[in-house]
Amino acid sequence: MRPAPGLLKGRSMRSRGLCAVVFLLSLGATAEVPPTADEAPAGPAKRTYEARLADGEVAVDGRLDEPTWAGEPTFTLDYETYPGDNVAAPVETEVWIAYDLRHLYVGMRAHDPEPEKIRARLRDRDAAFQDDFVGVVLDTFNDERRAFEFFVNPLGVQMDLVRNDVTGSEDESWDALWDSAGRLTEAGYEVEMAIPFSSLRFPRTEGVQTWGIDALRIWPRDQRRRLGLNELPRGRNCYLCSGSKLIGFAGVTPGRNLELAPTLTATDASARSGAGEPFAGTDDQELGLTVRWGVTPATTLGAALNPDFSQVEADAAQLSVNTQFALFFPEKRPFFLEGADLFDTRIGAVYTRNVADPDWGVKLTGKSGRSAYGAVVARDTRTNLLIPGSQGSQLAFLEEENTSTVLRYRRDLSGSSALGGLVTSREGDGYHNRLAGIDGLFRWGEGGTFRLELLGSETAYPEAIQARHGQREGSLEGTAARVGFQRQTRSSTASLVYNDVSDDFRADLGFIPQAGYRKGYGLVERYWFADEGERRWSRMTVGAESTWTYDRDGEPLQQQVAPYFRFSGPRQSFVHAYLGLGPSWFNGRELDRAFVVYGELQATPDVDGGRLYTANLTDFRASYQLNVRTFVRLVTQYFDLERDPALYTFPTEEHASRLANQLLFSYKVNPQTVVFLGYSDRFLGEERSIDRLAQTDRTLFLKLGYALVL
């Protein structure tokens, strides 16, 4: 898809220069820099292991008593990679890898000299990261850029993630269909996993396949220790490049599997405008269908009619008082999570929660050789807008539909580097936003990283938005750029980042709450690790960061220098001291700031004449886990705000309070075969007493979903 006419008009010379820079950087991406004595050493030689053919049926019950697990393990986890520096693992962990034509099987036996100290609780999926757990990391394309992660705690609770080594992130919102079980034993614990090949993506090859692999065990005792299959050199600029290789799977393909997920969502909601007013109720029943088809072993096509985007848990509570910019909430909706890591950028040009209430959607993601590609098209019944400025952002809404499109391409380069392109488009009646750009990641040696992102946009708002939110008439054209450099060694990190976003840049399918600024950021830190056997501490870090932000006219917005100190002590204790020094500016007025953050303490500044406001947020959650599949959860969020009206330049209430409750029953066979039954309500008021709040709405909802794999 070509950019819209005028999108990048007038920037041809700049584009040619940038292309030349990118080309030269890509040529030098694998250039070796002579190491200094403190630099991370070259990675260890890669080892190769062979997956065995399963010997008969494997019953996933947490008991390693089938013939498949009778022989020698495929490998053991011999290294403590944190806090130890690739020292010998203090406990033994055995791992078996096997397969048949439909499943990948993993058996793990975790020995423990003190099994009574094992941490294992029944939890919802993706919520057991504070327990003991074990798992595998599978780089199925063997490209050292993307991997699937499968972890299980001693009671069989599942955790699955996607690792993106291009952005350096892990996404736990990705959910696959697989089976697991675990059990405690007198000598530790055992787990079994059965991962259908249809839940994975990998290339079709003749004969034996080669995947990248890591396996790990988290052993939280006096310290939270990570035990692994592979050595992980400190200061290395990639993770998957340290993986071993796993061969086998002859004759196995993911198949052109077809997944159907019909849903039924029913709600009975009522609301009222104020205390004493009658409730007005509405009820609604919606049928939805989501389809996922493996077009090829490496390409997935998804489609949805009236797709299920219902949320069954309250968003994470955040303080929103006196915030200059909009708050970010993570995406949780399954349709958008397939291949979501491909669309990731550091600038934040794609934020799928901006597709608010679609009638239908289509999504294609895949990989062929060194090329990764993705496309999303959706027809949205709502048009939500985030209008950014240099000192604040505004939220707007259009009563009209739009068609949202995202196109993404990434090319893997040598040396774990990558170069990509992105196009987004949002088209409505009298409104559009179009964006195009490139991004690159260039790595060299063991610790050098350079990132570059360049975007251009063209936007036209309807007259109502122009008048209400002070936007200029006609077409708005803008650019955004981000350049970052980082150098890591075994004991230090140095980073420099520069952002430049013009006043008229808009990314209406992204999350960019600030525009019209230039920002520089620098960081240096030095860290020390305790010697092997040291129990009083594990890691200490001393560093400083500096941020300098100006608007496009050169007026300052923020200047800060912040030294900090981190210390990891015994019994997994943690101390973080942070001293921020430097002023901020708002509407030309300088505001001095000097604050210390200890743990998760947040400081609120005063103004001349007294305290402007005091805001408190309480988020209470109680959950009872009946078994691995079933839980009951109560969520209560209470927000209380006290202001001094005499300090405001506009009329405002002295008190404001808000209370929200949600009770949820959840039964999950897998992420798509579910039963949710819940109740929620909300109370508002201008008093500080909870019993004086007035109920404004209440909702009873039921959701049924079923996953059918053909």
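Here the structure is a predicted model, which is why all the values come from computation and not from measurement. (Residues numbered from 1 in each chain as written. Predicted model: local features only at pLDDT ≥ 70, side-chain atom pairs only at ≥ 80, totals over all residues. Heavy atoms only, no water.)

Undergrad: Describe the pattern of salt bridges, and please don't skip the residues or the numbers.
TA: All told, the structure shown has 38 salt bridges when counted by the stated rule. Where Glu80 meets Arg225, a salt bridge forms, and the shortest distance between an N and an O atom there is 2.9 Å. Remark: Arg225 occurs in strand S15 (residues 224–228) and Glu80 occurs in strand S4 (residues 79–82); sequence separation between them is 145 residues. The class of Glu80 is buried, set by a relative accessible area of 5%. Put simply, Glu170 and Arg163 hold a salt bridge, and the shortest N to O gap is 3.4 Å. Residues participating in the shared-partner salt-bridge network are Asp143, Arg145, Lys367, Arg410 and Asp412. (Salt bridge = Lys/Arg side-chain N within 4 Å of Asp/Glu carboxyl O. Helix = DSSP H or I, 4+ residues; strand = E, 2+ residues; numbered from the N terminus. Buried < 20%, exposed > 50% of the residue type's maximum accessible area, 1.4 Å probe, protein only.)

Undergrad: Give a detailed account of the nonpolar core, specifying residues and quantitative values.
TA: Judged by nonpolar contacts, the single largest core of 36 residues is most densely connected at Phe75, Ile97, Phe150, Phe197 and Phe249. Counting residues per element, the ones that place at least two in this core are strand S6 (93–99), strand S7 (103–111), strand S8 (133–139), strand S9 (146–152), strand S13 (188–196) and strand S14 (209–220). Apart from the residues lying within four places of it in its own chain, the contact partners of Phe150 are Val134, Gly135, Val136, Leu138, Met159, Asp160, Trp174, Ala176, Trp178, Met193, Ile195 and Leu200. Listed in part, the 25 residues of the second largest apolar core include Leu342, Val355, Leu509 and Tyr517. (Core = buried A, V, L, I, M, F, W, Y, C linked by side-chain atoms within 4.5 Å. Contact = heavy atoms within 4.5 Å.)

Undergrad: Could you give an account of the state of the cysteines, naming the residues involved and the relevant values?
TA: In total, this model carries one disulfide according to the counting rule given. Through a disulfide, Cys238 is tied to Cys241; the S-S separation comes to 1.8 Å. Of note, the bridge from Cys238 to Cys241 carries an S-S torsion of about 85° and is right-handed in sense. Like Cys241, Cys238 is buried. (Disulfide = S-S within 2.5 Å.)

Undergrad: So, the confidence of the model for the protein: which residues are in play, and what are the values?
TA: Low pLDDT marks stretches whose predicted atomic positions should not be read closely. In this model, the protein carries a mean pLDDT of 84, and residues with pLDDT of at least 70 account for 86%. Throughout residues 1–37 the model reports pLDDT below 50, and contacts reaching past four residues in sequence, or to other chains, amount to 42 contacts. Throughout residues 599–605 the model reports pLDDT below 50, and contacts reaching past four residues in sequence, or to other chains, amount to five contacts. (pLDDT = per-residue confidence, 0-100.)

Undergrad: Give a detailed account of the packing of aromatic side chains, specifying residues and quantitative values.
TA: Evaluation of the coordinates by the stated rule reveals 19 aromatic pairs. Where Phe133 meets Phe151, the ring centres are 5.4 Å apart and the plane angle is 50°; that geometry is what we call tilted. Residue Phe133 is located in strand S8, and its partner Phe151 is located in strand S9; the two are separated by 18 residues in the primary sequence. The two residues Phe133 and Phe151 agree in class, both being buried. Every member of this aromatic cluster is reached through a ring pair, and the members are Tyr99, Phe197, Phe202, Trp211 and Phe249. Over the ring of Tyr527 we find Arg539; its NZ or CZ atom is 4.5 Å from the centre of that ring. Above the ring of Phe279, the side-chain terminus of Arg698 is found at 4.0 Å from the ring centroid. (Phe/Tyr/Trp six-rings, centres within 6.5 Å; stacked < 30°, edge-to-face > 60°. Lys NZ or Arg CZ within 6 Å of the ring centre and 35° of its normal.)

Undergrad: I'd love a proper account of the side chain of Arg234, names of residues and values included.
TA: The topology assignment puts Arg234 in the loop between S15 and strand S16 (244–248). Note on Arg234: relative accessible area 14%, which makes it buried. There is a polar contact of 2.5 Å between the side chain of Arg234 and the backbone oxygen of Pro83. (Polar contact = N/O pair within 3.5 Å; in protein donor to acceptor, adjacent residues only side chain to side chain.)

Undergrad: Break down unusual backbone geometry for me, with residues and values.
TA: In this structure, the amide linkage connecting Tyr82 to the following residue, Pro83, adopts the cis form with an omega of 0°. Within the secondary structure, Pro83 sits in the loop between S4 and strand S5 (87–88). We note that Asp126 has phi near 65°; this positive angle belongs to a residue other than glycine. Its location among the elements puts Asp126 in the loop between S7 and S8. The class for Asp126 is buried, based on a relative accessible area of 13%. The phi dihedral of Glu144 is positive, around 60°, even though this residue is not glycine. Within the secondary structure, Glu144 is located in the loop between S8 and S9.

Undergrad: Requested: an account of the environment of Phe567, with residues and values cited.
TA: Topologically, Phe567 is positioned in strand S32 (residues 556–568). The partly exposed category is assigned to Phe567, whose relative accessible area is 25%. Separated by 26 residues in sequence, Phe567 and Thr541 have C-alpha atoms that sit 6.5 Å apart. Look past the residues within four positions of Phe567 in its chain and what remains in contact with it is Arg536, Trp537, Arg539, Met540, Ser573, Phe574 and Val575.

Undergrad: Give a description of the environment of Ile387 that names residues and reports values.
TA: Relative to the helices and strands, Ile387 resides in strand S22 (residues 383–388). What makes Ile387 buried here is its relative accessible area of 1%. Taking the C-alpha atoms as reference points, Ile387 and Ala515, 128 residues apart in sequence, are found 8.9 Å from one another. In this structure Ile387 touches Gly392, Ser393, Gln394, Ala396, Tyr461, Ile465, His469, Gln471 and Arg506, once residues within four positions along its chain are discounted.

Undergrad: Now, about the environment of Ala176: what can you tell me, with residues and values included?
TA: Examined against the element boundaries, Ala176 turns out to sit in the loop between strand S11 (169–171) and strand S12 (179–185). For the pair Ala176 and Met159, spaced 17 residues apart in the sequence, the C-alpha separation amounts to 9.6 Å. In this structure, Ala176 is in contact with Arg125, Phe150, Asp160, Ser199 and Pro671, ignoring residues within four places of it in sequence.

Undergrad: If you had to explain the side chain of Asp500 to someone new, which residues and values would you point to?
TA: By the element assignment, Asp500 lies in strand S29 (residues 492–501). Its relative accessible area of 16% is what places Asp500 among the buried residues. Excluding residues within four positions of it along the chain, Asp500 makes contact with Thr479, Ala480, Ala481, Tyr517, Arg518 and Arg552.

Undergrad: Quick one: what's the story with the pairing of S6, residue by residue and with numbers?
TA: Burial of S6 is extensive: seven of the seven residues sit out of reach of the surface. Both faces of S6 are covered, namely the face carrying Thr93, Val95, Ile97 and Tyr99 and the face carrying Glu94, Trp96 and Ala98. Of the pairings in the sheet, the one linking strand S2 (residues 52–53) to S6 comprises two bridges and is parallel in character. Note that in S6 the partner of Leu53 across the bridge is Tyr99. Sheet topology places strand S3 (residues 75–76) next to S6; two bridges connect them, and they run antiparallel. What sits directly across from Thr76, in S6, is Glu94. (Pairing = 2+ DSSP bridges.)

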